[in-house]
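For reference, the chains in residue letters:
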Amino acid sequence: VLHVCGQIDIVRQKLGEITRKDIERGVSRSIVKRLIVRHQRIISFSQNIEAFFSNIALVQFVSNTVIICCLGFLIVISIGLPNASTTLIKSMLFYMVINSDAFIFCFVGEYLSTKSRMIGDAAYESLWYDLKPNQNRDLLLMIVRSQKHLTLTVGKFVDLSLIQFGSVVKASASYVSVLHAMY
């Protein structure tokens, strides 16, 4: 995913480097064509990553939610015990590690989504108004394709994002309170 984001940054940089001199010399047509091909490769590579990691992310999120819930319950019930300090320290450390795992997955998904939206902005900020009409159409196509941002999903159900991380933490806290009420 970081490789895809780096490729997106390269496309954005190349779009910003199209100068009036390039346009006057007629070099801009080949530059735009290469950038469109590169953008299409980025999209297909991102789709391959999504297809490969979607089910893995689903298993990770289900297991992380269950583990966070169980650890939260363990933390809540061990507060009143006489030798609770060692259990609390071990549980809190593991709780933070599992939350970090879920956060990293969500952050990477959010990062990819944000970077993919930036390609359209970079294409719009380029000197498109000095290009020939057929080159403008090519850039317009790039802008339209970047509006459907690249995402990573959890089993093709929901996008990996920081909002999703918040809902995992909320769901886990709800399950902990239900378990504590039943205990």
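Read on for a plain summary of the structure.

Conventions adopted
- Residues numbered from 1 in each chain as written.
- Predicted model: local features only at pLDDT ≥ 70, side-chain atom pairs only at ≥ 80, totals over all residues.
- Heavy atoms only, no water.
- Helix = DSSP H or I, 4+ residues; strand = E, 2+ residues; numbered from the N terminus.
- Contact = heavy atoms within 4.5 Å.
- Lys, Arg positive; Asp, Glu negative; His and termini not counted.
- Charge placed at Lys NZ, Arg CZ, Asp CG, Glu CD.
- Axes fitted to C-alpha atoms, helices over the stretch in contact; angles between N-to-C directions.
- Parallel < 35°, antiparallel > 145°, perpendicular 65-115°, else oblique.
- Left-handed = near helix turned anticlockwise from the far one by under 90°.

Looking now at the overall build of the protein chain. In terms of regular secondary structure, the protein chain is built from 6 helices and 2 strands. Traced from its N-terminal end to its C-terminal end, the protein chain shows the element sequence α-α-α-α-α-β-β-α. Overall, the C-alpha framework of the protein chain stretches about 80 × 25 × 20 Å when taken along its three principal axes. Restricting the contact set of the protein chain to residue pairs at least 6 apart, pairs at least 24 apart contribute 79%. A distance of 5 Å separates the average location of the 19 positive side-chain charges in the protein chain from that of its 12 negative side-chain charges.

Time to look at the packing of helix H1 (residues 2-16) against helix H3 (residues 28-78). Two elements in contact, H1 and H3, have axes separated by 10 Å at closest approach and are oriented at 165°. Of the possible angle classes, the one that applies to H1 and H3 is roughly antiparallel. Crossing hand, H1 versus H3: left-handed. When H1 is examined against H3, the residues His 3, Val 4, Gln 7, Ile 8, Ile 10, Val 11, Lys 14 and Leu 15 are found in contact with a partner set consisting of Leu 35, Arg 38, Ile 42, Phe 45, Ser 46 and Ile 49.

Here the focus is unusual backbone geometry. Outside of glycine, negative phi angles account for most residues, and trans bonds account for most peptide bonds. With a phi angle near 65°, Lys 156 is a residue other than glycine that sits in the positive phi range. Within the secondary structure, Lys 156 sits in the loop between strand S1 (153-154) and strand S2 (158-159).

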